[in-house]
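Close look at the chain arrangement
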Amino acid sequence: MTVEILRYAIPAAEAEAFIADYRAAMVPLMASPHARAFELCQCDEEPGRFLLCIDWTSAEDHLQQFRGSAEFRAFFAHIRRWVPQIEEMRHYTRRLSA
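The structure reproduced in this document is the subject of the present report. Every value quoted in this text rests on a predicted model; they were computed, and no experiment measured them.

A few points about the pattern of salt bridges
One pass over the full model with this rule turns up seven salt bridges. Measuring nitrogen to oxygen at the nearest pair gives 2.8 Å for the salt bridge that ties Arg7 to Glu88. Taken together, the positions of Arg7 in strand S1 (residues 2–9) and Glu88 in strand S4 (residues 86–92) put the pair 81 residues apart, joining distant regions of the chain. Exposure remark for Glu88: the relative accessible area of 17% places this residue in the buried category. Between Glu46 and Arg49 there is a salt bridge; the shortest N-O distance is 3.2 Å. Given a relative accessible area of 44%, Glu46 falls into the partly exposed group. If you follow the salt bridges from partner to partner, you end up with Arg7, Glu46, Arg49, Glu87 and Glu88 in one network.

Observations regarding the pairing of strand S3 (residues 49–56)
With respect to burial, S3 is a largely interior element, six of its eight residues being buried. Sheet analysis places S1 next to S3, joined by eight bridges and oriented antiparallel. From the neighbouring strand, Arg7 faces S3, where its bridge partner is Leu51. Turn length for the strand S2 (residues 35–42)-S3 hairpin, with the two strands adjacent in sequence and antiparallel, is six residues.

Description of helix H1 (residues 15–31)
Between the first and last C-alpha of H1 there are 25 Å, a value that for 17 residues agrees with the 24 Å anticipated at 1.5 Å per step. By the largest-angle criterion, Ala25 marks the main kink of H1, which is about 30°, and a proline, Pro28, follows within four residues. All of the buried residues in H1 are Ala15, Phe18, Ile19, Asp21, Tyr22, Ala25, Pro28 and Leu29. Packed against the buried residues of H1 are S1, S2, S3 and helix H3 (70–79).

Quick notes on the environment of Ala24
Tracing the sequence through the fold places Ala24 in helix H1. Using a relative accessible area of 30% as the deciding quantity, one classes Ala24 as partly exposed. Taking the C-alpha atoms as reference, Ala24 lies 9.6 Å from Ala74; in sequence the two are 50 residues apart.

Cut-offs and rules
- For every chain, the first residue of the written sequence is number 1, and numbering continues from 1 onward in sequence order.
- In keeping with the predicted nature of the model, local features appear solely for residues at pLDDT of at least 70, side-chain atom pairs appear and are counted solely at 80 or more, and the whole-chain, interface and lining totals rest on all residues.
- Remark: hydrogens and water are excluded; side-chain values derive from all non-hydrogen atoms of the structure.
- Throughout this description, the term salt bridge denotes a Lys or Arg side-chain nitrogen within 4 Å of a carboxyl oxygen of Asp or Glu.
- The helix count covers DSSP runs of H or I at least four residues long, the strand count covers runs of E at least two residues long, and both are numbered beginning at the N terminus.
- When accessible area is computed with a 1.4 Å probe and restricted to protein chains, residues below 20% of their type maximum are described as buried, those above 50% as exposed, and intermediate ones as partly exposed.
- In this description, strands pair whenever DSSP reports at least two bridges between them.
- Under the convention used throughout, the expected extent of a helix is 1.5 Å for every residue step, that is, one less than its residue count.
- Bend at a residue means the angle formed by two fitted axes: the first through the 7 residues ending at that position, the second through the 7 residues beginning there.
- Contact definition: two residues touch when any of their heavy atoms are within 4.5 Å.

So this is what it looks like as structure tokens:
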């Protein structure tokens, strides 16, 4: 399993719209057989900072299968406007978990 981590810097005045768009995008995302879990966290100290974590079956499934799918197109339609605010987008392998 691979964890995709995205860090966003969103203007604080747009935080609720960002959350609403990801709430809508979560539906097609989780319809994909390659997405296992989804979590969006908002920073307490800086409310315009968000961390998005998506568990994928693998990085290859994410990049090659999901990105070519109808689910991706529906997902991306909801979040397209936020792409320029991405500060980091990387895949990680979980090494320890409790």
